[in-house]
There are 2 protein chains.
Amino acid sequence: MRMLIVEDDRDLNRQLSEALEDAGYVVDKAFDGEEGHFLGDTEPYDAVILDLGLPQMDGLSVLERWRRDGHSMPVLILTARDRWSDKVAGIDAGADDYVAKPFHMEEVLARVRALVRRAAGLASNEISIGDVVLDTKAGKVTKNGMSVKLTSLEFRLLSYLMHHKGRVIARTELVEHLYDQDFDRDSNTIEVFVGRLRKKFGSSLIETVRGLGYRLQEENA
Amino acid sequence: MRMLIVEDDRDLNRQLSEALEDAGYVVDKAFDGEEGHFLGDTEPYDAVILDLGLPQMDGLSVLERWRRDGHSMPVLILTARDRWSDKVAGIDAGADDYVAKPFHMEEVLARVRALVRRAAGLASNEISIGDVVLDTKAGKVTKNGMSVKLTSLEFRLLSYLMHHKGRVIARTELVEHLYDQDFDRDSNTIEVFVGRLRKKFGSSLIETVRGLGYRLQEENA
DNA sequence: CTTCAACGATCAACATTCGCATAAGATCTA
DNA sequence: TAGATCTTATGCGAATGTTGATCGTTGAAG
């Protein structure tokens, strides 16, 4: 984990970076707003600790600029205890958390842990086979980056196959997972839908294993 | 957005819920730890405000139980100003933020906005899709810079959808987050309001995914 | 190599479910 | 009470899922 500390008080900056380094983070330091903004704009940090009162460019402006430019790394703001209105402004500017000075180092560490932990939980789930990508969180499928429109059953079928790619899936297994309870066992809906999927994604995506079922392959020879 | 307030001080609870309701949230209230825990365990909240000093079961235990049971909704903790050690314990127990009593209502609102925003993976108070921009702080929506007048429910619906843009949202999920407690589940209000929003913003904004729900798209093909 | 039967693919027609528009009724609010 | 807002009811039309008939393919036996 790589952190940035933007704090003009050299003493405080050093204290913070030591504590964070002890906690196992890699730390970059900036001592004014401009330098801080530049670093945050160009380097990929897992979290930033940002003082509000800074020379050159104040912390709030730094934060606003970052957010305007689409940087979404977690930012923990530091400011004087009594300036509560700064909290509101800071939070609305896109800060993720806030600590008042003077603070207990232990509290800062706890909050940084929380920020990093939280940021880790935001990944979207994607399964891909060749140029076909299924985003389970968005419920969306793309081929070569182009969104492909699927009906509900088409999606469920593809999703099940992709979740078990490489394995041969029996038709009965598909029926059991796509339908609730009993469903006419000698029906050819599955075949129909496999056909429709092949029409949308090309015939090479779903391989049929005669007598057994279907399989999705990572690559072909 | 649907919130839960767990606070035994009736006066404070009422103040909080009024402020939140004015801000456009749907609010459920609990006055002791047990009741609060039960609600948080069974209903899907977008954020929770949790007092630490509670009868029946203290706030920290409530929070720990929720987290142990896998509930990950954002939780904002309230406690007395001087008990800073509670902050560390609370944050490590899985709290997302913290406010000391007595507090400014405006600060609580800002923090709640931040929590909801963050849970949606957003860095700013403005969410935009195409030419439609939702300002969660001001509670306003513009299209091409022109302010659009929305009724309360229209706003809540759009807000929830925009906070989860890209994802398919089931109608049941919408009902759970736009209304408190029980609401006739087989009603077509949601459809009616989707229709009204489409009339105001154009039919391309809200995509319907047949059999699953609705989705707001960033870009189209 | 040919033939045949089993299996799978394809297609069009059908039935059904689902979502939408509209408007009228109910409820809230100033 | 009037006006705004929310909810319910209904009928239509289209998207979706299902069916059965027919056609193509495969692989093994003769």
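## As for the overall build of chain A
A tally of regular secondary structure across chain A gives 8 helices and 12 strands. With the principal axes as the frame, chain A shows a C-alpha extent of 75 × 35 × 30 Å. Counting the 221 residues in chain A, one finds 30% classified as buried.

## Looking at the confidence of the model for chain A
In this model, chain A carries an average pLDDT of 84, and 90% of its residues clear a pLDDT of 70 or more. Mean pLDDT across the elements of chain A ranges from a minimum in helix H4 (residues 84-92) of chain A, with 74, to a maximum in strand S3 (residues 47-51) of chain A, with 94.

## Describing the protein's contact with DNA strand C
Near DNA strand C there are 18 residues, and of these Glu 191, Gly 195 and Thr 208 of chain A together with Gly 195 and Thr 208 of chain B occur at the shortest range. The set of elements that each furnish at least two residues to the surface near DNA strand C consists of helix H8 (189-201) of chain A together with helix H8 (189-201) of chain B. Each residue belonging to the surface near DNA strand C can be placed in one class, and the counts come to 4 nonpolar, 8 polar and 6 charged.

## Focus: the interface of chain A and chain B
Contact with chain A, which involves 24 residues of that partner, is made by 26 residues of chain B. Counting residues per element, the ones that place at least two in the side of chain A that touches chain B are H4, helix H5 (105-120) and strand S9 (146-148) of chain A.

## Here's the deal with the packing of helix H2 (residues 33-42) of chain A against helix H3 (residues 59-68) of chain A
Residue and element names in this part refer to chain A. Closest axis-to-axis distance for the H2/H3 pair is 10 Å, and the angle between their directions is 20 degrees. The angle between H2 and H3 places the two elements in the roughly parallel class. Relative to H3, the crossing made by H2 is right-handed. Within the contact between the two elements, H2 uses Gly 33, Gly 36, His 37, Gly 40 and Asp 41 and H3 uses Gly 59, Ser 61, Val 62, Arg 65 and Trp 66. Taken together, the residues of the contact of H2 with H3 sort by class into 2 nonpolar, 6 polar and 2 charged.

## Quick word on the sheet that holds strand S4 (residues 75-80) of chain B
All names here are of chain B. Sheet architecture is open: 5 strands sit in the order S2-S1-S3-S4-S5, paired in parallel fashion. Looking along the sheet, the strands with just one partner apiece sit at the ends: strand S2 (26-30) and strand S5 (97-101). In this sheet, adjacent strand axes meet at a mean angle of 20 degrees when their direction is disregarded. In this fold helix H3 (residues 59-68) packs onto strand S1 (2-6), strand S3 (47-51) and S4, with an angle of close to 150 degrees to the strand it touches most, S3.

## Some words on the protein's contact with DNA strand D
Around DNA strand D sit 21 residues in total, of which Thr 151, Leu 153 and Ser 187 of chain A together with Thr 151 and Ser 187 of chain B are the nearest. Where the surface near DNA strand D is concerned, the elements lending two or more residues are helix H6 (152-163) and H8 of chain A together with helix H6 (152-163) and H8 of chain B.

## Some points on the pairing of strand S10 (residues 206-209) of chain B
For a regular strand, side-chain orientation follows a simple rule: the groups alternate between the two sheet faces. All names here are of chain B. Sheet topology note: the S10/strand S11 (residues 213-216) ladder contains 4 bridges and is antiparallel. Along S11, the bridge assignment pairs Val 209 with Gly 213. Taken together, S10 and the strand that follows it, S11, pair antiparallel across an intervening segment of 3 residues, in which Gly 211 is found at a positive phi of about 85 degrees.

## Some words on the pairing of strand S1 (residues 2-6) of chain A
All names here are of chain A. Of all 5 residues making up S1, 4 are buried, and the element is well covered by its neighbours. Sheet analysis places S1 next to strand S2 (residues 26-30), joined by 5 bridges and oriented parallel. Each residue of the ladder has a partner; that of Val 6, found in S2, is Ala 30. One crossover worth recording links S1 to the parallel S2 by way of helix H1 (residues 10-22), and it is right-handed. Where S1 and S3 come together, 4 bridges link them in parallel fashion. Each bridged residue has a counterpart across the sheet, and for Met 3 the counterpart in S3 is Ala 47.

## Quick notes on the environment of Met 73 of chain A
All names here are of chain A. With respect to the secondary-structure elements, Met 73 resides in the loop between H3 and strand S4 (75-80). In the structure, Met 73 is positioned 27 residues away from Ala 100 in sequence and 20 Å away in space, judged by C-alpha atoms. Those residues in contact with Met 73 that lie beyond four places of it in its chain are Tyr 45, Asp 46, Ala 47 and Val 48.

## Some details on the environment of Ala 89 of chain A
Relative to the helices and strands, Ala 89 of chain A resides in helix H4. Along the sequence, Ala 89 of chain A and Leu 60 of chain A sit 29 residues apart, while their C-alpha atoms lie 7.9 Å from each other.

## Regarding H3 of chain A
Residues and elements named next belong to chain A. Where H3 is concerned, the buried positions are Gly 59, Leu 60, Val 62, Leu 63 and Trp 66. Across the axial projection of H3, the buried residues extend over an arc of 160 degrees, all falling on one side. Gly 70, located one to two residues past H3, shows a positive phi value of around 85 degrees.

Conventions we followed
Residues numbered from 1 in each chain as written. Chains lettered and ligands numbered in written order. Predicted model: local features only at pLDDT ≥ 70, side-chain atom pairs only at ≥ 80, totals over all residues. Helix = DSSP H or I, 4+ residues; strand = E, 2+ residues; numbered from the N terminus. Buried ≥ 20, exposed ≤ 12 C-beta atoms within 10 Å, placed from the backbone. pLDDT = per-residue confidence, 0-100. Near = placed C-beta within 6 Å. Nonpolar A, V, L, I, M, F, W, Y, C, P; charged D, E, K, R; others polar. Contact = placed C-beta atoms within 7 Å. Axes fitted to C-alpha atoms, helices over the stretch in contact; angles between N-to-C directions. Parallel < 35°, antiparallel > 145°, perpendicular 65-115°, else oblique. Left-handed = near helix turned anticlockwise from the far one by under 90°. Pairing = 2+ DSSP bridges. Right-handed = clockwise from strand over helix to strand, strands pointing away. Arc of directions from axis to C-beta.

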